Amino acid sequence: QVQLVESGGGLVQAGGSLRLSCAASGRTFSRYAMGWFRQAPGKERELVAAISGSGGSTYYADSVKGRFTISRDNAKNTVYLQMNSLKPEDTAVYSCAAGHSLSSRAVVAGITAGYDYWGQGTQVTVSS
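Presented here is a report on the structure given in the accompanying data block.

Calculation criteria
Residues numbered from 1 in each chain as written. Predicted model: local features only at pLDDT ≥ 70, side-chain atom pairs only at ≥ 80, totals over all residues. Heavy atoms only, no water. Phe/Tyr/Trp six-rings, centres within 6.5 Å; stacked < 30°, edge-to-face > 60°. Helix = DSSP H or I, 4+ residues; strand = E, 2+ residues; numbered from the N terminus. Buried < 20%, exposed > 50% of the residue type's maximum accessible area, 1.4 Å probe, protein only. Contact = heavy atoms within 4.5 Å. Salt bridge = Lys/Arg side-chain N within 4 Å of Asp/Glu carboxyl O.

**Re the packing of aromatic side chains**
Reasoning step 1: Tallying each qualifying case throughout the model produces four aromatic pairs.
Reasoning step 2: Relative to Tyr117, the ring of Tyr32 has its centre 6.2 Å away and its plane inclined at 65 degrees; by these criteria the two rings are edge-to-face. Linking Tyr32 in the loop between β3 (18–24) and β4 (33–39) with Tyr117 in strand β10 (residues 117–118), this pair joins segments that are 85 residues apart in sequence.
Reasoning step 3: Ring centres of Phe37 and Tyr115 lie 5.2 Å apart, and the angle between their planes is 85 degrees; on these two criteria the pair is classed as edge-to-face.

**Side note on the side chain of Ser95**
Reasoning step 1: In this fold, Ser95 is placed in strand β9 (residues 92–99).
Reasoning step 2: Assessed through its relative accessible area of 13%, Ser95 is described here as buried.
Reasoning step 3: Contact partners of Ser95, with chain neighbours within four places excluded, come to Glu6, Gly35, Trp36, Phe37, Trp118, Gly119, Gln120 and Gly121.

**Concerning the pattern of salt bridges**
Reasoning step 1: Counted according to the given criterion, the structure contains four salt bridges.
Reasoning step 2: A salt bridge links Asp90 to Arg67, with the nearest nitrogen and oxygen atoms 2.7 Å apart. Linking Asp90 in the loop between β8 (78–83) and β9 with Arg67 in the loop between β6 (58–60) and β7 (68–73), this pair joins segments that are 23 residues apart in sequence. For the pair Asp90 and Arg67, a shared accessibility class is recorded, and that class is buried.
Reasoning step 3: Overlapping salt bridges, with partners in common, bring together Arg38, Glu46, Arg67 and Asp90 in one network.

Quick look at the structure:
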């Protein structure tokens, strides 16, 4: 079992930055690929970014490339999402997820299936 707790959401003006954190329980964090998803009202859930267990492979949705950066610190059991140049359309509930069976190839391909554990989500609101 892995428990995930997100933090760092909030209200920010367009053009601003936020850093989301996702703290995981357990001693095998480095074996899990991690993903950040978001869901806006009335829209489907979207994979924003993902990172392999070692941190060597990453994926970004086209909508956030060049603005968001995913990283992880396996010693601290934490994955981060640095969000810069935020836009109103980035407004959503952001959730982190952990996948034990996801390979680095699946991470790079942006595969959305295979995430086994989910956090409760944190609200990000970007005002114009």
